[in-house]
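Below are the chains, spelled out letter by letter.
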Amino acid sequence: MPLHKYVIERDIPNVGSFEREQLRAAAQKSNDVLRELGPDIQWVQSYVAANKTFCIYMATGEDIIRRHAEMSGFPATEITEIRKMIDPTTAA
């Protein structure tokens, strides 16, 4: 089954003030769960804001993203599939 790109919005109070070690521990927990779930889900990157993270994932569907959220303990407040991408070069 092909992988699709998703943005996952996670409400995590005060995440923007987490220390490097707290973020490292969160990444390690996420990676452990990803290994357990297998090749149907991949973490690309995350953006940390004051009280949220916005995570980019490749996955076969929303179900496996929700499973990752449950197993890791990180909420998946909103999951949005990315249909297309544009950037400044799109105007050319």
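Above this note sits the structure.
Residues numbered from 1 in each chain as written. Predicted model: local features only at pLDDT ≥ 70, side-chain atom pairs only at ≥ 80, totals over all residues. Heavy atoms only, no water.

Enquirer: So what about the packing of helix 1 (residues 20–37) against helix 2 (residues 62–72)? Which residues, and what values?
Expert: Axis separation between helix 1 and helix 2 bottoms out at 10 Å; the angle between their running directions is 130°. Classified by the interaxial angle, the pair formed by helix 1 and helix 2 is oblique. By crossing handedness, the relation of helix 1 to helix 2 is classed as right-handed. Side by side, helix 1 and helix 2 meet where Lys29, Ser30, Val33, Leu34, Glu36 and Leu37 of the first sit next to Ile64, Arg67, His68, Met71 and Ser72 of the second. (Axes fitted to C-alpha atoms, helices over the stretch in contact; angles between N-to-C directions. Helix = DSSP H or I, 4+ residues; strand = E, 2+ residues; numbered from the N terminus. Parallel < 35°, antiparallel > 145°, perpendicular 65-115°, else oblique. Left-handed = near helix turned anticlockwise from the far one by under 90°. Contact = heavy atoms within 4.5 Å.)

Enquirer: Describe the pattern of salt bridges, naming the residues involved and giving the relevant values.
Expert: Taken as a whole, this structure holds 6 salt bridges when the rule is applied. A salt bridge links glutamate 9 to lysine 52; the shortest N-O distance between them is 2.5 Å. Remark: lysine 52 occurs in strand 3 (residues 52–59) and glutamate 9 occurs in strand 1 (residues 4–11); sequence separation between them is 43 residues. Exposure remark for glutamate 9: the relative accessible area of 22% places this residue in the partly exposed category. According to the relative accessible area criterion, lysine 52 is partly exposed, its value standing at 26%. Between arginine 24 and glutamate 21 there is a salt bridge; the shortest N-O distance is 2.8 Å. Taken together, the positions of arginine 24 and glutamate 21, both in helix 1 and 3 residues apart, correspond to about one turn of that helix. (Salt bridge = Lys/Arg side-chain N within 4 Å of Asp/Glu carboxyl O. Buried < 20%, exposed > 50% of the residue type's maximum accessible area, 1.4 Å probe, protein only.)

Enquirer: I'd love a proper account of the side chain of histidine 68, names of residues and values included.
Expert: Along the chain, the position of histidine 68 falls in helix 2. A polar side-chain atom of histidine 68 sits 3.0 Å from a polar atom in the side chain of serine 30. The contact partners of histidine 68, leaving out residues within four places of it in the chain, are Arg10, Ser30, Val33, Leu34, Leu37, Ile41 and Tyr57. (Polar contact = N/O pair within 3.5 Å; in protein donor to acceptor, adjacent residues only side chain to side chain.)

Enquirer: Any chance you could break down the environment of tyrosine 6 for me, citing the residues and the numbers?
Expert: With respect to the helices, strands and loops of the structure, tyrosine 6 is situated in strand 1. A relative accessible area of 4% places tyrosine 6 in the buried class. Contacts of tyrosine 6, omitting those with residues within four sequence positions, involve Cys55, Ile56, Tyr57, Ala59, Thr60, Gly61, Glu62, Ile65, Ile79, Thr80, Glu81 and Ile82.

Enquirer: Describe the nonpolar core, and please don't skip the residues or the numbers.
Expert: Nonpolar side chains in soluble globular proteins tend to be buried together. Counting 14 residues, the largest nonpolar core has Ile8, Ile41, Tyr57, Ala59, Ile65 and Ile79 as the members making the most contacts within it. Those elements that provide at least two residues to this core are strand 1, helix 1, strand 3 and helix 2. Ignoring anything within four residues of it in the chain, the contact list for isoleucine 8 reads Thr53, Phe54, Cys55, Tyr57, Ile65, Ala76, Glu78 and Ile79. (Core = buried A, V, L, I, M, F, W, Y, C linked by side-chain atoms within 4.5 Å.)

Enquirer: Any details on helix 1? Residues and values, ideally.
Expert: If you check helix 1, its first and last C-alpha atoms are 26 Å apart, about what 18 residues at 1.5 Å a residue would give, namely 26 Å. Residues of helix 1 that are buried include every one of Ala27, Ser30, Val33, Leu34 and Leu37, and no others. Buried residues along helix 1 cover an arc of 125° about the axis, so they all sit on one side. Seen from the open side of helix 1, the exposed residues pointing more than 90 degrees away from its buried face are Arg35 and Glu36. Packed against the buried residues of helix 1 are strand 2 (41–48), strand 3 and helix 2. Remark: glycine 38 follows helix 1 within two positions and exhibits a positive phi of approximately 90°. (Expected span 1.5 Å × (residues − 1). Arc of directions from axis to C-beta.)

Shape descriptors only; they carry no functional weight alone.
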